[in-house]
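Next come the chains, spelled out residue by residue.
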Amino acid sequence: RLSDLGRREEALSAALRAVEIYEGLASDRPDAFLPNLAMGVSVMGDLLGEFERWDEAVSAQKRALETIVTPFRKFPAAHFGLAMQIGLDYMLACQKAGTEPDAGIFTEVVEIGQRTGLLPEQSE
C-alpha cells in the first residue's frame, strides 16, 4: 500500500479516484459494483483517519456502511465480512472523533447476521 510506504497523500488521491470510478460503475450496475464502491469509500475513510481527519473519516465510513447495506440485505453471506468490517471501522472512527455513532444501520447489519446465522446471538 502506498500509505505503508509513507506516501499517504498519493494513497488518498488514489482512493478518491477509485471512489469516483466505482460511483460511475455502480450507477450503471449496482449489484455488481456497490460492494466495490463501499470498499473504496471505507479505504478512503481509513486514510482520512491516518491524517487524523476524524470527522471526514466518520462521514466516509458511514457512507460506506450505507452503501454496503443494500447488497448485504440481498446476499448476506456474500457481504457479511465486508459489512461487519466497515461497521467496526465506522464505530472506531466515531470513537476517535468523539461523536456518537448512528447505530441504526450497524444494528441492522448485526441483526441480519444473527437472523441468518452468520453471527451468533448474544446471550444475556
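Owing to the predicted nature of the structure, the values given are computational and were not obtained by experimental measurement.

**So, the environment of Leu 47**
Right, so step 1: Topologically, Leu 47 is positioned in helix α2 (residues 30–50).
Right, so step 2: For Leu 47, a relative accessible area of 4% puts it in the buried group.
Right, so step 3: Here the alpha-carbon distance between Leu 47 and Glu 9, two residues 38 residues apart in the chain, equals 8.9 Å.

**Some words on the nonpolar core**
Right, so step 1: Within the largest apolar cluster, 33 residues are counted, with the highest numbers of intra-cluster contacts made by Val 41, Met 44, Leu 65, Ile 68, Ile 86 and Val 109.
Right, so step 2: Mapped onto this core, the elements with two or more residues apiece are α1 (8–28), α2, α3 (54–74), α4 (76–97) and α5 (103–115).
Right, so step 3: Residues within four places of Ile 86 in sequence aside, it is in contact with Ala 38, Ser 42, Gln 61, Ala 64, Leu 65 and Ile 68.

**Observations concerning α1**
Right, so step 1: For α1, with 21 residues, the first-to-last C-alpha span of 31 Å sits near the 30 Å given by 1.5 Å per residue.
Right, so step 2: All of the buried residues in α1 are Ala 11, Leu 12, Ala 15, Val 19 and Ala 26. Within α1, the buried residues cover an arc of 90 degrees as seen down the axis, which keeps them to one side. Opposite the buried face of α1, by more than 90 degrees, sit the exposed residues Glu 9 and Asp 28.
Right, so step 3: The elements touched by buried residues of α1 are α2 and α3.

**Thoughts on α2**
Right, so step 1: The end-to-end C-alpha distance of α2 is 29 Å, a good match for the 30 Å that 21 residues give at a rise of 1.5 Å each.
Right, so step 2: Positive backbone phi, approximately 60 degrees, marks Glu 52, located one or two places after α2.

**Things to note about unusual backbone geometry**
Right, so step 1: With phi around 60 degrees, Glu 52 is a residue other than glycine that occupies positive phi space.
Right, so step 2: One can find Glu 52 in the loop between α2 and α3.
Right, so step 3: Judged by its relative accessible area of 62%, Glu 52 falls in the exposed class.

**A short note on the packing of aromatic side chains**
Right, so step 1: Tallying each qualifying case throughout the model produces 2 aromatic pairs.
Right, so step 2: In this structure, Arg 8 is placed above the aromatic ring of Phe 51, and the distance from its NZ or CZ to the ring centre is 4.6 Å.

**Section: the pattern of salt bridges**
Right, so step 1: As enumerated under the stated definition, the model contains 6 salt bridges in all.
Right, so step 2: The salt bridge partner of Arg 53 is Glu 56, with a shortest N-O separation of 2.8 Å.
Right, so step 3: Residue classification places Arg 53 among the partly exposed positions, given a relative accessible area of 34%.

**Some details on the side chain of Thr 67**
Right, so step 1: Within the secondary structure layout, Thr 67 lies in helix α3.
Right, so step 2: On the accessibility criterion, Thr 67 (12% relative accessible area) is buried.
Right, so step 3: Those residues in contact with Thr 67, other than ones at most four positions away along the chain, are Leu 34, Leu 37 and Ala 38.

Each value, and the rule that gives it
- Residues numbered from 1 in each chain as written.
- Predicted model: local features only at pLDDT ≥ 70, side-chain atom pairs only at ≥ 80, totals over all residues.
- Heavy atoms only, no water.
- Helix = DSSP H or I, 4+ residues; strand = E, 2+ residues; numbered from the N terminus.
- Buried < 20%, exposed > 50% of the residue type's maximum accessible area, 1.4 Å probe, protein only.
- Core = buried A, V, L, I, M, F, W, Y, C linked by side-chain atoms within 4.5 Å.
- Contact = heavy atoms within 4.5 Å.
- Expected span 1.5 Å × (residues − 1).
- Arc of directions from axis to C-beta.
- Phe/Tyr/Trp six-rings, centres within 6.5 Å; stacked < 30°, edge-to-face > 60°.
- Lys NZ or Arg CZ within 6 Å of the ring centre and 35° of its normal.
- Salt bridge = Lys/Arg side-chain N within 4 Å of Asp/Glu carboxyl O.

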